[in-house]
Amino acid sequence: MTATDISAPAAGGQPTRRPRRGGGPARTTNRITPWLFLAPALAWLLVFSIWPSLNTIRMAFTNAKPLGGNERYVGLENFALILRDDQVVNALLNSVVFMLICLPLLTILPLLIALLVEKKLPGITFFRTAFYTPVIASAVVVALIWTFMLDDRGLVNGLAQQLSFISEPLPFLTERWLIVISAVSLTVWKGLGYYMIIYLAALGNVGKELHEAAAMDGAGAVRRFTAVTLPGVRGAMLLIAVLVCVAALRVFTEVFIMTGGTGGAGGEALTMVMLIQQYSRGFSGDLGYASALSILMFAITVVPLLLLGKINSRSNA
Amino acid sequence: MRITRTTLVTGVGAVVATALLAGCGGESSGGSDADGEITGSIRFQTWSLTPTYTEYLNGVIADFEEANPGTSVELLDQPGDGYSDKVLSQASTNTLPDVLNLPPDFALPLAQQDFLYDVSQATDLPATYVEGSVEAFRFAGVEGVYGYPWYLGTDVNYWNSQQLDACGLDSSAPPATTDELFEQAATMAQACPENYLISRVPGLGDFTLEGIDILNEDGTEFIFNTPEAAAIIDRYAEAYANGEMPPTVLNSDYLGNSQLFTEGKVAWTTGGATAIDSFEENNPSLKDNVAISPALNISPLYVQGVSVAADSQNLATALAFAEFVTNTENQNEFAHIANVFPSTQGSDGDTYFTEDDGTPSAQARVTGFESLQTAEVLTPYSVNGAMNDYLGQQIALAIRGDISGQEALDTSVEKLNDLLARQ
């Protein structure tokens, strides 16, 4: 018998009481405490995230209207309508093209900028600030400024005509793919600084000794970038790719402001979120159909995330 | 303090359940007696009227409270943007104010779902208000009248006289019909390629102006895809192709047109009688350079009303106050302050609305008041935002020349009928 055998009778002959499992007030309080800390966040999540998501799924199978009344289950009718709706095909294509152009630009350009401003040179803080400034500007204000610049009589067309690059103004705000490209330009310009900061943090974790060792082995700047820097920031790059994918598929403000909320002639530059907004707003909004579109949107957002996850796991293997 | 697991689970469960249920809305709790005593507190919601008209509104409230001891009215004013969303959220959570300012297109869906009280049960409306304004709150398929008519509005034409005169046109004889508009737009485009006369695309109102029916008689089907309507669109398309309209007109909405006019980029816009003041305030160079004329063809009629929530806990007070706000005396006073037009009978005897003192503001008011006598509601109230958006998109395609006007209308009618059936 050892001194630590608590089941053994104590010196006075009285048996030592084994602590009760989970019954005592002290143990209960200890268990409850973490939940009390979590409760506000959980309640918030439940009310503003989980409950609306579940409700959206429910409504997608109904003819729900904002004011209620005569709501009934319609099965897969809303999803069948999606298949027949030309606007959905258009909007889906616009959103995916927007994402496919934004993805490489916003994954690579911020890395190059981060490499430029990473160096500790006099006045480098000015450039870091300059690149980050668009991030803190209001998306609506920025979109309005770009709209003025890209107008037929705006700065861009005016300059291009004065320099004789073009004879007629380019319809940046009225032609489908030019609207998409204009919106991509705005998004990239506004997003560079944000992703640059993430890369700067990641670059700070790449050991200098690795660069020095590679240099001693005769590696040039390009080789050091591909063999040392890129593997060092791979995690950040994947994170940024995921963030860009999700944000780009949900593009709304840029195209909405640039097209005056119309999505261009024929609504041909509408994005998925604009389409959802179009159907869900107002007293007679079609919440059932808008919910079905939201579920489609969610499913489409998940695809690139799964792909990127797959790429990540293969790289780790 | 001892906290047991049961207490905790019960407490958290109660909080979460309350939070969830709070967002679920529910059935209307039912109103009080319309013939009851006029007493107690009510809330009165206006739409973008403060701070400009706060003094007037507080005066009306004070007069009502003095005439009805034991009552109190709380004034709520909502911003201009997003008012329909605000009312929608109030209705879906059963928190509609007792008395609220609503135009007929907002009142229609609320009346259909029994959120509003049929005020014709409480008041002999035709005895007080002009017929057209009462009819605006009487909806097909819903028995009753769902708002006291308040102030009325219409559009008049505003022309940049400096641009018109400089571009070979006569600002003292601006276009009076659509035909003249297109003729003069062509003249202006030739004389001043940098300036535009037209900066709008047609909509359902333009079809009504030309006598084209938008809906069938029972309001169940859109029927505006006629060759006459297609010809209107094709005419705009021709003007667009000839450079008589700015390219961004394809994206512009109604506000875009008046904004371009304020900036001096286009020579014509439409607006209410008060618009002249904001034009001159936002662009002082327009002062004394704006010619005013009645709207082309038929003038549009805009109606604002005061509705009463069906589940008001002080229904008698709410009804009495809504009637008080919209009585002849209060409407006349408001019309003088706000440059709008009263919906009560006998206002045409008021020289304020009929005599022009030579100021642009008075000219706009007198022109508007004359137009009001023949003004019509140009767009059916059952047309919602998604329908307007789709039609606008198709018309824009036709104006750009991608499809014909008839194709745009046929596609639109098919889609709008689908949306109407799903309402």
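All residue numbers refer to position in the chain's written sequence, counted from 1. Chains and ligands are labelled sequentially in the order written, the chains with letters from A and the ligands with numbers from 1. Reporting in this predicted model follows two pLDDT cut-offs: at least 70 for local features of residues, and 80 or more for side-chain atom pairs to be given and counted; totals over whole chains, interfaces and linings ignore these cut-offs and use all residues. The basis for every side-chain value is the complete set of heavy atoms in the structure, and neither hydrogens nor water enter the calculation.

The subject of this paragraph is the overall build of chain B. Here a helix means four or more residues in a row that DSSP labels H or I, a strand means two or more in a row labelled E, and each is numbered from the N terminus. A tally of helices and strands in chain B yields 17 helices and nine strands. For 423 residues, the compact-globule estimate of 2.2 N^0.38 gives 22 Å, and the C-alpha radius of gyration of chain B, at 25 Å, lies within 12% of that figure. Structurally, chain B occupies a C-alpha span of about 85 × 50 × 50 Å along its principal axes. By the burial criterion, 51% of the 423 residues in chain B qualify as buried. Once local pairs closer than 6 in sequence are excluded, the contacts in chain B between residues at least 24 apart make up 73%. Working definition of accessibility: Shrake-Rupley area with a 1.4 Å probe, residue cover restricted to the visible protein chains. Approximately 18400 Å² of chain B is accessible, and the part contributed by carbon and sulfur atoms is 49%. Charged side chains of chain B number 13 positive and 60 negative; the gap between the two group centres comes to 15 Å. Radius of gyration means the value over C-alpha atoms here, while the globule rule gives 2.2 Å times the residue count to the 0.38 power. Only protein chains enter the accessibility calculation, which uses a 1.4 Å probe; a residue whose area is less than 20% of its type maximum is buried, one above 50% is exposed, and one in between is partly exposed. Two residues qualify as a contact provided that any one of their heavy atoms is within 4.5 Å of a heavy atom in the partner residue. In summary, the charge assignment counts Lys and Arg as positive and Asp and Glu as negative, without counting His or the chain termini. Every charge is mapped onto a representative atom, which is NZ of Lys, CZ of Arg, CG of Asp or CD of Glu.

It is worth spelling out the packing of helix α5 (residues 139-150) of chain A against helix α7 (residues 176-204) of chain A at this point. Residues and elements named next belong to chain A. Whenever a helix is involved, its axis is fitted only over the stretch in contact; in every case the axis is a line through C-alpha atoms, and angles between N-to-C directions fall within 0 to 180 degrees. Where α5 contacts α7, the axes come no closer than 11 Å and their chain directions differ by 130 degrees. Classed by the angle they form, the pair α5 and α7 counts as oblique. Here α5 and α7 pass one another in a crossing that is right-handed. Where α5 abuts α7, its residues A139, V142, A143, W146 and L150 lie against S182, S185, L186, W189 and K190. By definition in this entry, angles of less than 35 degrees are roughly parallel, angles greater than 145 are roughly antiparallel, angles of 65 to 115 are roughly perpendicular, and the rest are oblique. We call a crossing left-handed when the near helix sits turned anticlockwise from the far one by less than a right angle, and right-handed when that turn is clockwise.

With that settled, consider the sheet that holds strand β5 (residues 156-160) of chain B. Residues and elements named next belong to chain B. Should DSSP find at least two bridges between two strands, the strands are regarded as paired. The strand order across the open sheet built from three strands is β6-β5-β7, with neighbouring strands paired in antiparallel fashion. Strand pairing shows two members of the sheet lacking a second neighbour, β6 (268-271) and β7 (290-294), which therefore form its edges. Sheet twist, expressed as the mean angle between neighbouring strand axes with direction ignored, is 30 degrees. As paired elements, β5 and β7 share five bridges and run antiparallel to each other. Its bridge partner lying in β7, N157 is registered against S293. Where helix α12 (residues 275-282) meets the sheet, it contacts β5, β6 and β7, and its direction lies at approximately 25 degrees from that of β5. Running over the sheet, helix α15 (residues 360-372) touches β5 and β7 and is turned about 15 degrees from β7.

Taken together, the contacts link 43 residues of chain A with 43 residues of chain B. Throughout, buried area stands for the accessible area (probe radius 1.4 Å) lost by two parts on being put together, summed over both. Summed over both partners, the interface of chain A with chain B comes to about 3500 Å²; 58% of that surface belongs to carbon and sulfur atoms. Looking only at chain A, the three residues that lose the most surface to chain B are L67(A), R153(A) and F283(A), adding up to 21% of its buried area. Within this document, salt bridges are pairs made up of a side-chain nitrogen of Lys or Arg and a carboxyl oxygen of Asp or Glu, the two lying within 4 Å of each other. At the surface where chain A touches chain B, the tally comes to three salt bridges. Close ionic contact of D389(B) with R281(A) constitutes a salt bridge, the shortest N to O distance being 2.9 Å.

Take the sheet that holds strand β1 (residues 40-47) of chain B next. All names here are of chain B. Read from one edge to the other, the open sheet built from six strands follows the order β2-β1-β3-β8-β4-β9, with strand pairing classed as mixed. In the strand order of this sheet, the two ends are held by β2 (71-78) and β9 (341-342), each with one partner. Alignment of β1 against strand β3 (residues 99-102), held across two bridges, turns out to be parallel. Each residue of the ladder has a partner; that of Q45, found in β3, is L100. Seen against the sheet, helix α14 (residues 328-338) touches β4 (148-153) and β9 and runs at an angle of roughly 25 degrees to β4.

So, on to the nonpolar core. Grouped together as the largest cluster of nonpolar side chains are 116 residues, with contacts concentrated most on L293(A), L197(B), I198(B), F207(B), F222(B) and F224(B). Per-element accounting of this core gives the leading share, 15 residues, to α7(A). Apart from residues lying up to four places away in sequence, L293(A) is in contact with I82(A), V88(A), M272(A), L275(A), I276(A) and Y279(A). Side-chain atoms within 4.5 Å link the members of a nonpolar core, which is a set of buried Ala, Val, Leu, Ile, Met, Phe, Trp, Tyr and Cys residues. By size, the runner-up hydrophobic cluster in this structure holds 77 residues, among which are F283(A), V134(B), V266(B) and A320(B).

Here the UniProt feature "domain: ABC transmembrane type-1" (unreviewed entry) sits at residues 92-308 of chain A. Annotation note: span residues 92-308 of chain A, helix share 75%, strand share 0%, distance between end C-alpha atoms 20 Å. UniProt positions are given in the numbering used here, feature names are shortened, and annotations may be inferred rather than shown by experiment.

Moving on: the state of the cysteines. Here, the word disulfide means a covalent bond between the sulfur atoms of two cysteines. In this description, the term disulfide denotes a pair of cysteine sulfurs within 2.5 Å. Here the structure, examined in full by the defined rule, presents one disulfide over all chains. Paired through a disulfide, C167(B) and C192(B) show a sulfur-sulfur distance of 2.1 Å. Taking the sign of the S-S torsion, about -110 degrees here, the bridge from C167(B) to C192(B) comes out left-handed. With a gap of 25 residues between them, C167(B) in the loop between α7 (161-166) and α8 (178-191) and C192(B) in the loop between α8 and α9 (204-209) connect regions that are remote in the sequence. Accessibility classification places C167(B) together with C192(B) in one group, the buried group. Cysteine C102(A) is unpaired, with the sulfur of C245(A) as its nearest cysteine sulfur at 9.8 Å.

The next subject is the domain arrangement of chain B. Residue and element names in this part refer to chain B. Each domain's limits were defined by an automated method or a database of domain assignments. We note that the domain assignment places domain 1 (40-153 + 302-372) and domain 2 (156-300 + 377-421) within chain B. Between domain 1 and domain 2, the C-alpha centre-to-centre distance is 29 Å. Every contact between the two is made by 18 residues of domain 1 and, on the other side, 14 residues of domain 2. Between the two partners, domain 1 and domain 2, sit zero salt bridges. Any N or O atom pair separated by 3.5 Å or less is treated as a polar contact, with the protein-specific requirement of one donor-capable and one acceptor-capable atom, and with residues adjacent in sequence counted only for side-chain atom pairs. Counting every contact that joins domain 1 to domain 2 gives zero residue pairs in polar contact (both at pLDDT 80 or more). Broken down by secondary-structure element, the contributors of at least two residues to the side of domain 1 that touches domain 2 are α4 (104-112) and α15.

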